Each structure stands twice: as C-alpha cells, then as structure tokens.
Amino acid sequence: KQWYQRRVRGEDGDLSDVEEREGETFEDFDNRRWNKRTQTVLNLLKKDLDTTGQVQFFSFAEGSNRKQAASKFYSLLLLKKTETITVSQSAPFSDITVRQGPKYATS
C-alpha cells in the first residue's frame, strides 16, 4: 500500500505530518494515530509495566485534577483499542488494572 502525508492538528494545537495509507478512511487513520498525550501516557505506564508487570489506574491518576484524570483514562482506551495494553476491572467503579497487551513490544 502507498503512504502519503497528511497535515493534522493535534490536541495541543500543533500541526504535524502523519503518514496515512492510501484508501484509508479518516476514522481508520484517526484510530491508528496517537497524539502526544497518549504517547506520554504510554511512556509513563512503561516505567511500571516493564518492572512490575501491571499498573493500578487509581495510583496512576493520583494527584491529577479531574481533567487530567479523564485525559489519562481516554488515553488508556486508545491504548487498549490498539492492543498495546490490556485492562481489567473486577467491579463497576473499582480500580482498573493495566497490563501489557499483545502489541506492547511494538509500541
């Protein structure tokens, strides 16, 4: 498949070039593309995932304000969708356990 560049505006407002596959829908492209915030969250998670094998979301989001915690949670969803991480929760509103997913090594 051919690739071409698309200029996109990230959540931080900056324009950047991102490779898009020819014939790819915008939804597919957007789902594949990570923003800087998601990459930052992954880098923070990697520190604990590489040493302990899991991260508890409540501890990970501790000290964050409501907006920051919501942003971290959304980044977890994006990482889960791309199979970079796996998440589990024993009951509604309980802590979320984050572990390495099938595509963790390639992220």
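Residues numbered from 1 in each chain as written. Predicted model: local features only at pLDDT ≥ 70, side-chain atom pairs only at ≥ 80, totals over all residues. Heavy atoms only, no water.

J.: Please explain the nonpolar core as it appears in this structure.
T.: In summary, soluble globular proteins display a tendency toward joint burial of nonpolar side chains. Counting 14 residues, the largest nonpolar core has L45 and V98 as its most contacted members. Listed by contribution, the elements that provide at least two residues to this core are α2 (36–52), α3 (57–61), α4 (66–81) and β5 (96–100). When residues in this core are grouped by element, the largest group, four residues, is from α2. Among all residues touching V98, those that are not within four sequence positions of it are L45, L49, G53, Q54, V55, L76, I85, T86 and V87. (Core = buried A, V, L, I, M, F, W, Y, C linked by side-chain atoms within 4.5 Å. Buried < 20%, exposed > 50% of the residue type's maximum accessible area, 1.4 Å probe, protein only. Helix = DSSP H or I, 4+ residues; strand = E, 2+ residues; numbered from the N terminus. Contact = heavy atoms within 4.5 Å.)

J.: Could you clarify how one ought to interpret the packing of aromatic side chains in this entry?
T.: For any two aromatic rings, the description comes down to two numbers: the centre-to-centre distance and the angle of the planes. With the rule as written, the count across this model stands at one aromatic pair. Between F57 and F73, the aromatic rings sit 6.0 Å apart at their centres with planes inclined by 70 degrees, giving edge-to-face as the arrangement. Here F73 lies in helix α4 and F57 lies in helix α3, a separation of 16 residues in the sequence. Classification of F57 as buried rests on a relative accessible area of 9%. You can call F73 partly exposed: its relative accessible area is 35%. Sitting over the ring of Y104, K46 keeps its end group 5.5 Å from the ring centre. The ring centre of F60 lies 5.1 Å from the NZ or CZ of K72, which sits over that ring. (Phe/Tyr/Trp six-rings, centres within 6.5 Å; stacked < 30°, edge-to-face > 60°. Lys NZ or Arg CZ within 6 Å of the ring centre and 35° of its normal.)

J.: Can you walk me through the environment of V87 in this structure?
T.: Relative to the elements of secondary structure, V87 occurs in strand β4 (residues 85–89). Given a relative accessible area of 34%, V87 falls into the partly exposed group. In this structure the C-alpha to C-alpha distance between V87 and L76, which are 11 residues apart in sequence, comes to 8.4 Å. Contacts of V87, omitting those with residues within four sequence positions, involve K80, I96, T97 and V98.

J.: Help me understand a nonpolar patch on the surface, please; the structure alone is not making it clear to me.
T.: A cluster of nonpolar side chains, F73, Y74 and L77, forms an exposed patch at the surface whose accessible area comes to about 280 Å². Turning to its location among the elements, Y74 is positioned in helix α4. The class for Y74 is partly exposed, based on a relative accessible area of 43%. (Patch = residues over 30% accessible without salt bridge, like charges linked within 9 Å, V, L, I, M, F, W, Y side chains within 5 Å. Areas by Shrake-Rupley, 256 points an atom, 1.4 Å probe, with all protein chains shown as cover. Salt bridge = Lys/Arg side-chain N within 4 Å of Asp/Glu carboxyl O.)

J.: What am I meant to see in the sheet that holds β5 here?
T.: Neighbouring strands of a sheet are bound in pairs by backbone hydrogen bonds; such pairs are parallel or else antiparallel. Read from one edge to the other, the open sheet built from three strands follows the order β3-β5-β4, with strand pairing classed as antiparallel. One side of each edge strand has no neighbouring strand; the edge strands of this open sheet are β3 (54–56) and β4. Going from strand to strand, the sheet's axes swing by 25 degrees on average, the running direction of each strand aside. In the packing of α2 onto the sheet, the strands contacted are β3, β4 and β5, and the crossing angle to β3 comes to about 125 degrees. Each of β4 and β5 touches α4; the most contacted strand, β4, lies at about 120 degrees to it. (Pairing = 2+ DSSP bridges. Axes fitted to C-alpha atoms, helices over the stretch in contact; angles between N-to-C directions.)

The analysis is restricted to geometry; functional conclusions fall outside its scope.
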